[in-house]
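Residues per chain are reported as follows:
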Amino acid sequence: MDLLPSAHVDSFARDRLPAADRWPVLLPGLDDMRYPERLNCASHLLDTAMAEVGPDRRCLICTSEKTGETETWSYGDLDRRSDQIAEVLTAEFGVLPGHRVLICGPNSAWTVACWFGVLKAGAVVVTVVPLLRSEEIATVARIAEVSVALCAPGCDDEAAKAGVEGMRVVSVGGPGPDDLVARCARSSGRKFETVQTSQDDVAMIAFTSGTTGRPKGCLHFHRDVLAIADTFAKHILKPGPDDVFTGSPPLGFTFGLGGLVIFPLAVGASTVLLERGSPEALLGAIEKHGVSVLFTAPTAYRAMLAMLKTGEDGGARDPRLQTLRRCVSAGEALPAETWRAWHAAIGVKIIDGIGATELLHIFISAADDDIRPGSTGRPVPGWQAAILDEDGNPVPDGEPGRLAVRGPIGCRYLADERQTAYVRHGWNYTGDTYIRDEDGYFWYQARSDDMIISSGYNIAGPEVENALLRHPAVLEAGVIGMPDPDRGQLVTAFVVLRPDTPASEATVKELQEFVKLRIAPYKYPRAIHCVPQLPRTATGKLQRFRLRDLA
Ligand code: 3UK
């Protein structure tokens, strides 16, 4: 793999890229994606936006949970504060190009400023989702050999407790003169001379939100950050400078980073950052700030729908959400049922899209009239997707197989043997079982290792979940295979019922009959447990291994 000369003084990240023969095939991308050899994605994004919409244009809108007050930063504010952070990092903490700086905080203006400041200094951003415990922080900080951790109040205690040798913990937005915000206020106020990184210098290390085993660090280049805006955002989402974005995914999850920072800033739009993106908070923010573009997970769409259901208004558009123009769903499959209910209530066609931390953002999706509800869509311009078997041979349309994708961004784990499991035959294997239909649409079946095998049948849990979700009493459903002496695995469902539905034997029977009428009867859940809620990750994914413990 021929890489351009690096601007990193500390070559840690480049030294730990996988060997050339373990890289996936990288596609050149689209015509307008020939980036300059020297490219710093942070200053590129800000400079481009300021040239187009001006430095006074509003950029970040944040509401404090404590005071309820709204603070707005312009593009110029973000540029100036990230300059100050870059200056403090280099002058006071000795950060050099290529050093790793961890950012741990809620979705807030200062978290975004840290992201830009670290990159302007030529350092590598290590992102984690807030709420990580000290041991988890220690694990990623040791893998990435982090030298400075920028932590919002709440995260800083955990980071300090992590006790990582060589890692200095700096609070951001706390009291006292040593806090980053106070240090910025004392800085010179001069324009920071952005480090002219190479387009293929590592910009960030994103850790997988995997539920088992040691987290994997995914190395992403400066050009990759722009590539997600130039593929999914530009060709599917199509935002404009007047759009107002919001959403729930944390900025430490690349779904959130792209949807709430990179995509709005790439077009000079503004973004509403919520510390806690609960369904209530999302609804409130949409109404208050006239949000037009929403990023969240399927479960949040369902929760919002349940809250909006006020009366039998026959599916009229809810007036509180009339500014919404674009809704994006990712992280888990979006059931056709959820899509239809949202369309009926809000009048917006949700854009489903599958993305992955390894590939930074969304690579299969569809918008507007191209959408087929229940399908993820087709490869995003710039990307290719195929259904392959274990040996890399194509599987015929209509039959399930492994989803394999390639595009301008590929999986590159930081010094990790598991690279050879994700990248095979030049393709990125996402670990999902999909079916492609003859029109080229991709239909999610299940995570490949979650396929249930019962009495010799292959059953995809999500198909059973979707059937359950069509029942009006079911708010959430999770279906797994439980070990069973007779059948190998027993199709077992966990459901959250509407508050007015009793968790009785009669309800269970009714749900079983309901499913049998809608999908092949052998797939019906032979056991159903009614639970108050389903276990989910900070990124909105069902934690199937925890369902197993619930039974
Ligand atoms: C699953 C989906 C069906 C799928 C992500 C958008 O989720 C993201 O990244 P992760 O690394 O997980 C990747 C895995 O999640 N998945 C995601 N989206 C969908 N399954 N339909 C979908 N629409 O198993 C995939 O392999 O946490 C999503 C953008 C950036 C991301 N990092």
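For the structure, check the block above.
Our subject in this report is the structure included herewith.

Right, let's get into the sheet that holds strand β2 (residues 70–74). Taking strand neighbours across the sheet as the criterion, the nine strands line up as β2-β1-β10-β9-β11-β12-β13-β14-β15 in an open arrangement whose pairing is mixed. The open sheet has two edge strands, β2 and β15 (378–379), and neither has a second partner. Both strand β14 (residues 362–365) and β15 contribute to a ladder of two bridges, which runs antiparallel. Each bridged residue has a counterpart across the sheet, and for S365 the counterpart in β15 is R378.

With respect to topology, six strands assemble into an open sheet ordered β6-β5-β3-β4-β7-β8, the strand pairing being mixed. Of all the strands in the sheet, the pair left with one neighbour each is β6 (168–171) and β8 (217–221). Each adjacent strand pair in this sheet contributes to an overall mean axis angle of 25°, direction not counted. In terms of strand pairing, strand β3 (residues 100–104) meets strand β5 (residues 146–151) through five bridges, oriented parallel. When the sheet's bridge partners are listed, V101 is paired in β5 with V148. The strands that helix α8 (residues 222–237) touches are β7 (202–207) and β8; relative to β8, the one it contacts most, it runs at about 80°.

Bringing the pairing of strand β24 (residues 488–497) into the picture now. Taken across its ten residues, β24 has eight buried, putting it largely inside the fold. If you look at the hairpin formed by strand β23 (residues 474–484) and β24, you'll find three residues sitting between the two strands. A crossover links β24 with its parallel partner strand β25 (residues 527–530), the connecting element being helix α15 (residues 505–518), and its sense is right-handed.

Procedures and definitions
- Residues numbered from 1 in each chain as written.
- Predicted model: local features only at pLDDT ≥ 70, side-chain atom pairs only at ≥ 80, totals over all residues.
- Heavy atoms only, no water.
- Pairing = 2+ DSSP bridges.
- Helix = DSSP H or I, 4+ residues; strand = E, 2+ residues; numbered from the N terminus.
- Axes fitted to C-alpha atoms, helices over the stretch in contact; angles between N-to-C directions.
- Contact = heavy atoms within 4.5 Å.
- Buried < 20%, exposed > 50% of the residue type's maximum accessible area, 1.4 Å probe, protein only.
- Right-handed = clockwise from strand over helix to strand, strands pointing away.

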